[in-house]
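Next come the chains, spelled out residue by residue.
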Amino acid sequence: MTRRTLLRALTATTLSAGLAATMLPTNAMEATAGSSRSGDSLFPSMGNGGYDVTHYDIDLSYRPRNERIVATTAVHAVAKQDLTSFNLELRGLVITRVAVDGVPAEHVRDRAEATVSLPEALPAGEAFTVVVEYAGRPRALSGGGLGGEGWIATPDGATVLSEPNGAMTWFPVNNTPRDKATYDISVDVPNRLKAASNGLLIGRDRGPRRTTWHWRETRPMAAYLATVSIGRYRMFRDTTASGVPLISFVDVKAGRAKRERRNLPKVMRFLEKRFGRYPFASSGMIIDNIDVGYALETQGRPVYPHDAPAWLMVHELAHQWFGNSVTPRDWSDIWLNEGFASYAEWLWQAKVSGRKRHVEQEMFDFFYEVYGPKNHLWRVTPGDPGVPRRLFHQAIYLRGAMTLHALRMEVGGRDFFRILRAWARRNEHGSGTTPQFKRLAEELSGEQLDRLFRVWLYTPRKPRGY
Ligand SMILES: [Zn+2]
């Protein structure tokens with residue numbers, strides 16, 4: 001995610017879970033209810049235990065006149081314990097039917113939690129499918145003043161931006177980044193509208209009045225990165241030099257986005273050179289006429305409000321490696337997303353300035369000097385933000401990027417880029433934690449990095465000696 005105003009101001013000045021069920025031998029354990037919590041340290045009530053989702057199949061029809069949806073989502077999952085019931089998150093919307101493996105199932109709802117009772121207890125390791133039919137007018141969560149989170153109505157349709165918890169506003173979900181899954185997303189809209197989503201466009205079934213757009217994401221995706229964007233769009237296709245198909249959507253009110261379409265393959269190439277092979281089957285962008293204060297790195301195809309300057313595209317596409325492919329195991333590891341994507345902006349700045357060797361150092365020195373010891377930047381610890389409202393604090397971004405530059409100074413540029421590439425490759429399509437990143441950096445550099453990580457990520461004071 002990028003708060004546009006904040007980062008624009010900055011660039012202008014410079015150039016398993018504790019609560020998951022313990023696995024006991026199945027014969028020693030009575031079947032029990034899956035936990036209604038995932039164990040996340042910032043959002044403990046989000047996400048659930050007792051099962052692991054492998055695939056979501058979301059089939060959704062959108063009615064522009066009343067902004068309602070009628071939807072069926074099949075959640076394919078595997079039981080991780082002997083299970084009598086389990087929870088999904090779904091906020092608002094009316095559930096009309098639930099079935100597990102084809103058998104109707106009872107459910108009760110309590111705010112965002114839907115608890116589904118299994119018609120028959122499931123043994124650990126068993127795969128099952130729960131189908132949820134539901135309908136209504138999805139409503140965004142109020143997103144800390146940035147303009148909403150989840151399913152957001154726009155002048156010509158709707159766009160989904162779900163970081164961190166908005167996924168539950170439009171489909172029943174295990175709402176935690178530690179349970180990634182693949183997706184099929186089908187969206188049925190009137191013919192005058194288009195429907196963008198993640199992954200590859202598998203097909204378009206065009207009827208006399210309505211068209212169903214069928215998208216498929218074959219690589220694991222965290223729920224907060226799933227998107228649908230419905231509106232009056234122009235669609236553009238292209239391919240990168242490395243052969244990645246690009247499918248982009250530009251709101252008719254945003255023009256033809258010539259600059260953005262020219263920049264996209266260049267930015268992809270730039271990032272592939274630094275971070276290694278692009279981790280997904282397709283890329284692109286969604287430029288929407290939407291009044292939110294941020295862009296989001298929705299998987300493969302980020303969403304940008306109104307336009308996408310190159311530095312912003314660099315940030316959101318860097319997330320495809322750092323955040324989307326390697327996803328934080330816990331929300332408190334958010335700097336592994338934002339520090340890395342912010343540092344990618346510094347690298348881009350160095351490239352476009354033509355003075356490769358010194359620009360990142362100049363940026364580091366500038367921020368180090370300009371933010372005195374009393375500044376809030378030093379009071380928030382990027383490695384442990386502590387409370388949800390600090391999830392997108394400036395320290396996560398800027399101090400996070402400075403942490404990476406401090407690491408680069410410590411281990412040297414060669415080892416530094418080896419570490420970034422190895423982090424992306426070894427954890428591809430998985431999850432990561434800050435201690436794992438530190439261990440990798442120590443392994444590849446041969447250096448002991450306790451102090452560096454402690455002062456930059458975990459100490460509420462300005463690091464000394466830089
Ligand atoms: Zn970001």
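Nothing here was measured: the structure is a model prediction, and the numbers come from that model.

S.K.: Where do I start with the overall build of the protein chain in this structure?
M.R.: Looking only at helices and strands, the protein chain features nine helices and 24 strands. In terms of overall dimensions, the protein chain is globule-like: its C-alpha atoms have a radius of gyration of 22 Å, near the 23 Å expected for 466 residues. Principal-axis analysis of the C-alpha atoms gives the protein chain an extent of 65 × 60 × 40 Å. Of all 466 residues assigned to the protein chain, the portion counted as buried reaches 59%. Within the structure as shown, the protein chain displays about 18600 Å² of accessible surface, and the carbon and sulfur contribution to it stands at 48%.

S.K.: Just to check I follow, could you spell out the nonpolar core for this structure?
M.R.: Soluble, globular proteins show a tendency: their nonpolar side chains are buried together. Ranked by internal contacts, the top residues of the largest apolar core, which has 150 residues, are Y134, W170, F171, Y183, L271, M402 and F437. For this core, the two domains that each supply at least three residues are domain 1 (30–320) and domain 2 (328–458).

S.K.: I tried to follow the coordination of the zinc ion on my own but got confused; where do I start?
M.R.: When a metal carries six donors in an octahedron, the ideal angles between them are 90 or 180 degrees, while four donors in a tetrahedron ideally lie at 109.5 degrees. The protein atoms that coordinate the zinc ion are M1 (N), M1 (O), H315 (NE2), H319 (NE2) and E338 (OE), at distances spanning 2.0 to 2.5 Å. Remark: E338 occurs in helix α4 (residues 335–353) and H315 occurs in helix α3 (residues 310–321); sequence separation between them is 23 residues. There is no split in this pair, since H315 and E338 are both buried.

S.K.: I'm lost on the sheet that holds strand β20 (residues 286–288) in this one. Help?
M.R.: Within a sheet, each strand pairs with its neighbour through backbone hydrogen bonds, oriented either parallel or antiparallel. Within the open sheet, the four strands sit side by side as β18-β19-β20-β22. Their pairing is mixed. The strands lining the two open edges of the sheet, one partner per strand, are β18 (233–239) and β22 (303–305). Neighbour-to-neighbour, the strand axes of the sheet open up by a mean angle of 15°, direction not taken into account. Bridge analysis of strand β19 (residues 245–251) against β20 gives two bridges, and the strand direction is parallel. Opposite V250, over in β20, you have I287 as the bridge partner. In the packing of helix α2 (residues 258–275) onto the sheet, the strands contacted are β18, β19 and β20, and the crossing angle to β19 comes to about 155°.

S.K.: Could you clarify how one ought to interpret the packing of helix α8 (residues 434–445) against helix α9 (residues 450–458) in this entry?
M.R.: For any two helices packed against each other, the geometry is given by the interaxial angle and the distance between the axes. Where α8 meets α9, the closest approach of the two axes is 11 Å, and the angle between their N-to-C directions is 145°. As α8 packs across α9, the resulting crossing turns out to be right-handed. Residue-level inspection shows T434, F437, K438 and E442 of α8 in contact with α9, the latter providing D450, F453, L457 and Y458. When grouped by side-chain class, the residues that make up the contact of α8 with α9 number four nonpolar, one polar and three charged.

S.K.: Can you walk me through the pairing of strand β4 (residues 68–79) in this structure?
M.R.: Consecutive residues of a regular strand have side chains that alternate between opposite faces of the sheet. With twelve bridges joining them, strand β3 (residues 51–63) and β4 adopt antiparallel strand pairing. Bridging across to β4, S61 finds its partner in V70. As consecutive antiparallel partners, β3 and β4 are separated by four residues, and within that stretch E67 has a phi angle of approximately 60°, a positive value. Two elements, β4 and strand β10 (residues 127–136), share ten bridges in a ladder whose sense is antiparallel.

Rules behind the numbers
- Residues numbered from 1 in each chain as written.
- Predicted model: local features only at pLDDT ≥ 70, side-chain atom pairs only at ≥ 80, totals over all residues.
- Heavy atoms only, no water.
- Helix = DSSP H or I, 4+ residues; strand = E, 2+ residues; numbered from the N terminus.
- Rg over C-alpha atoms; globule rule 2.2 N^0.38 Å.
- Buried < 20%, exposed > 50% of the residue type's maximum accessible area, 1.4 Å probe, protein only.
- Areas by Shrake-Rupley, 256 points an atom, 1.4 Å probe, with all protein chains shown as cover.
- Core = buried A, V, L, I, M, F, W, Y, C linked by side-chain atoms within 4.5 Å.
- Domains from an automatic or database assignment.
- Donors = N, O, S within 2.8 Å, 3.2 Å for Na, K, Ca; no water.
- Pairing = 2+ DSSP bridges.
- Axes fitted to C-alpha atoms, helices over the stretch in contact; angles between N-to-C directions.
- Contact = heavy atoms within 4.5 Å.
- Left-handed = near helix turned anticlockwise from the far one by under 90°.
- Nonpolar A, V, L, I, M, F, W, Y, C, P; charged D, E, K, R; others polar.

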